[in-house]
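Report on the structure
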Amino acid sequence: MSTTTTRGVAQPAPAKASPARPRRGLRSNATLNFWLFTGPFLIGLVIFVFVPIGWSIWLSFFDARYTVTPSNFVGFDNYRQILTNSNFPDSLLTFTIFAAFIVPTTWALSLGLALLVNQLRFMRAFFRSVFFLPTAVSYVAAALIWKMSLFTGVRFGLANTVLGWFGVDNIAYLSNPSPPWYWVVLVSLRLWIQSGFYMILFLAALQNIPAELYEAAEIDGAKRGWQTFWYITLPQLRATSTAVILLLLIAAYQAFDEFYNLITTKATWAQTPLMELYKAALGTNQDYGAGSAGAVILSLLICIVTLAQGKIMGFGRGEEAK
Amino acid sequence: MSAMSNSNWSRRSIFRAAAGMAAAGTLAACGGNNGRGGGSGSGTNLVQFFHAYGEAGTEQAIKRYAKAYSKANVSTTWITGTNFEAKLFSSLLTKQAPDVFEFHPQLQLIKSGQVADLSDIIDPVKSDFNPADINSHTVDGKIYGVRMIDDPQFFYYRKSMLEKAKVEVPTTLDELLEAAAKLTTDKVKGIDLGNDFTPVQGNLIWSAGADTLDANNQIAYHTDAVVQGLKQLRQLFTSGHVLLDAPTDWWDPSSLNQGLCAIQWGGLWSMPAMQKALGDDLGIFPFPKVGDNGKLSVTNGGWSMFVNAKGKNVEAAKAYVKWLWIEQKKYQEDWALSYGFHVPPRSSIAAQATKLKSGLPAEAVKLFTDYGHFDNIAWDQTMITALNDVIASSVRKGGDPEAALDACDKKVDVELKKLFG
C-alpha cells in the first residue's frame, strides 16, 4: 500500500530539457519524444489503473459472484447490500477514528525528527539514513516482527518482559480486544515505518527556508526556539505539511497489510475498509459486485475528503496561499 | 482517484502474486522437479495447489509423487501463509488457476460450477472409502472430490501436569474451566484453544447437542445450550488461564511441546512431533460436554483433491487425480502416515496402517470413530466466516452471544437462500 501512496511524491520533478546540443534525430520531433518518454508509463497507467477502475465501476452494477465477467445487471443492489447488510460502514467509521489519530501523530513525529536531525552539527547523514531505513521494510515483515517478538502474549515477548520487571501480568495484545491494546501494536508499527519517510520531506522543506528570514526575525527581536518555530518555520512548511497530511490520510484509509496480518479477518474489530472489501470480493464470498461497489464508495469518499482538505488548507494554491 | 486505483491495485497484485507463484512453480519445474522425465511426458502441463503443511518433508513428498507421474508435467504451488482459501478462490478466476487443488467439500464450489464431477473415477472404488467421506462429497448422487486424508482434532494434554495439579481429564466444559484454573502457574497457562478460539467453534455446537445445519439445511446451531457455551468460553477467555498470542497457533505442536500450556487443542497430524518431544507424557481427550444434554465431540477435518472444472485440461487433471489418489496406494499411505499422522480415508489402507493400531494413535482413531463430526458440504465458507464473527464478538469482545448469533443467522440465511433457493 505504501508504495502506491507515495508514488506521487517519489516522482522526480520533470527535468528541464537541456538546451545544449540535443542529439540528432531527437531534435525535431517533440511529439515523438513526448510519447517515447511518457508512453511506457501511460500504458502501464491505463492497463493497471484506468482499466481496473472502469471494470470495477462496471462490476458494481452486476451480480458478479464467482466471476469477473458477469451478465446479470442488478442496478444499485450491490450498493444497497454493502451499505446496509455488511460491516463496511462500520469499517469506515473505525478508520475515520484511526485516521484522526494516526495522521496528526505521524505528522508531529516526523516533523519533530526532521527538526532534531536538522539541528545536528555532525552525523546528520547517518541519522537521516537511520530514521529513513524503516521505510524500506514491508508492512508484512514488520507485522511479523511486531507480532512474534515484540508483542507476543507469552512471558518472553519483549513488551511483556519489560512489563514483567514492574510486576505487570502478561498482556495478550492482539487476541484480547478489551482493553484495545491492539492499537498500541498497530500505531507503533505504522509510526515506525512511516515517520522516516515524511521526515525526509520535512527535512528538505526545512533546508529550503531562507536563512534571511531567521536573521530578520532575530533583528526584530524574535526569540530563537518556540517563537521562530511558530512564526517562521511552521508557516514556511505549510505546503509540505498539507501534502504530508494528505498522503497520510489516504494511507490510513488504505491500511491493509498490517491489519490483515496482526488482527486477521477472524475478528470483528479493527477491520479496515480494504479488509472488508477483500473479505467481500476475494476472501470467502467471492462477491465481486459488492466488493466493487465498496471500492467505488471508498474512492468517492477519499476524493471528497481530499478536495475538502485542499479547500481548507489550500493545497495546490502553492506559495501565494500564504 | 488514487483510492480506487489502489483497491484495484491490491486485487491485481493478488492475482499477480498467484500468477507469480504459478510461474515460480513452472520455473521450479524447469529445474527438473516435475514429471517431464526427459521428454516422457505427453506435453500436458498441470498445476496443483496445496496449502503449506507444517510437517517436514511434506512439500518434497507431494513433488515426488508428481514427478513420478509420466502422462503430464505436474507443477506444485505450495501456498504458505494463513489464508489458503482466499488465494485459491481468487486464482480460480484467473488464467493461472490450478488444474487440481486441495480443499474441503463446500457446496458453493459445486453450485458455481468450479469443481468437476469425479464420480466416474471414484465409483469403482467407492466401497473402499469411509462412507462418511463419500457422503460429505456427494451432491445429487455425484461425487465431487477425492478425500486424501482425514484429520481428527481434539485436546492434547500433559499427563504429568494434570497429575501434579490433581486434575482429572475434563468431561464437561465446567470441568475444563476448572482444570484450566488449577493448571495455570506463573510459567504455564492451563489451556490453549488457538489464538482466536475459532478452531473449536464447531465443537462448541456439537458438544452442546446442536448441529451447524439440520438435515433440511436449516440453521440448527442457535440453541440455548450454545448460547450458554459461548458465555462459558467468554469466561474462560477472560480468566487469565488461557494461552493467548503464542508465537505459534493451535495447528503447531510447539505450545504444548515447549511447556507453554498444559492442554492444547490440536490435530492428529501433530502427534508424531508431540510424542517425539514429550514421550509418554501425553494424553488426548475429546471436546467436553456443554450443558445438560451435551455430547463429547471431535472435529473430523481433512483435505480432498478437486479438479478445476473451468481448467484447460480437465480430463488430464482427472487422470492425474485418479492415478495418484485412487491408484497409487503406496503414495496415499506415505502421505497419511509418514509425516504428520492422518487417518487414511480408504479402509484397505487404514487396515494396514500399523502406526495407528496401538497406543495413543489408536486412541485418536477411536475418538475419530466414536465422536467425530465430518464436514457438512452445505456448511460453506461464508457460513464458517459468519460463525467466526460470533466467536470474535461474543467470546473475545464480550458482546451478547444472542445478538451475535442473530447476526450470524442473517448472513447464513442469505447464503442458504443462494445455495438452495
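Given the structure is predicted, the values throughout are model-derived calculations rather than measurements.

Topic: the overall build of chain A
- Scanning chain A from terminus to terminus reveals 15 helices and 0 strands.
- Within the span of chain A, comprising 322 residues, buried residues form 34% of the whole.
- Considering only contacts within chain A whose residues lie at least 6 apart along the sequence, 66% involve residues at least 24 apart.

Details of helix 17 (residues 381–396) of chain B
Residue and element names in this part refer to chain B.
- For helix 17, spanning 16 residues, the distance from its first C-alpha to its last is 21 Å, which sits close to the expected 22 Å at 1.5 Å a residue.
- Of all 16 residues in helix 17, 15 are buried, a share of seventy percent or more.
- In the segment just after helix 17, Gly 398 is the residue with positive phi, at about 85°.

As for the domain arrangement of chain B
Residue and element names in this part refer to chain B.
- Domain assignment breaks chain B into domain 1 (2–151 + 301–362) and domain 2 (152–297 + 377–420).
- Each partner contributes residues to the interface: domain 1 has 20 residues there, and domain 2 has 18 residues.
- At the level of elements, helix 4 (107–111), strand 6 (146–157) and helix 16 (359–371) are the ones that each hand at least two residues to the side of domain 1 that touches domain 2.
- Among the elements that line the side of domain 1 that touches domain 2, the one with the most residues is helix 4, at 3 residues.
- Looking at the side of domain 1 that touches domain 2, its residues break down into 7 nonpolar, 8 polar and 5 charged.

Some thoughts on the pairing of strand 2 (residues 73–79) of chain B
All names here are of chain B.
- Taken across its 7 residues, strand 2 has 6 buried, putting it largely inside the fold.
- One ladder, built from 7 bridges, connects strand 1 (residues 45–51) with strand 2; its direction is parallel. If you follow Phe 49 over to strand 2, its bridge partner there is Thr 77.
- Running through helix 2 (residues 58–68), the crossover from strand 1 to the neighbouring parallel element strand 2 is right-handed.

About the criteria used
- Residues numbered from 1 in each chain as written.
- Chains lettered and ligands numbered in written order.
- Predicted model: local features only at pLDDT ≥ 70, side-chain atom pairs only at ≥ 80, totals over all residues.
- Helix = DSSP H or I, 4+ residues; strand = E, 2+ residues; numbered from the N terminus.
- Buried ≥ 20, exposed ≤ 12 C-beta atoms within 10 Å, placed from the backbone.
- Contact = placed C-beta atoms within 7 Å.
- Expected span 1.5 Å × (residues − 1).
- Domains from an automatic or database assignment.
- Nonpolar A, V, L, I, M, F, W, Y, C, P; charged D, E, K, R; others polar.
- Pairing = 2+ DSSP bridges.
- Right-handed = clockwise from strand over helix to strand, strands pointing away.

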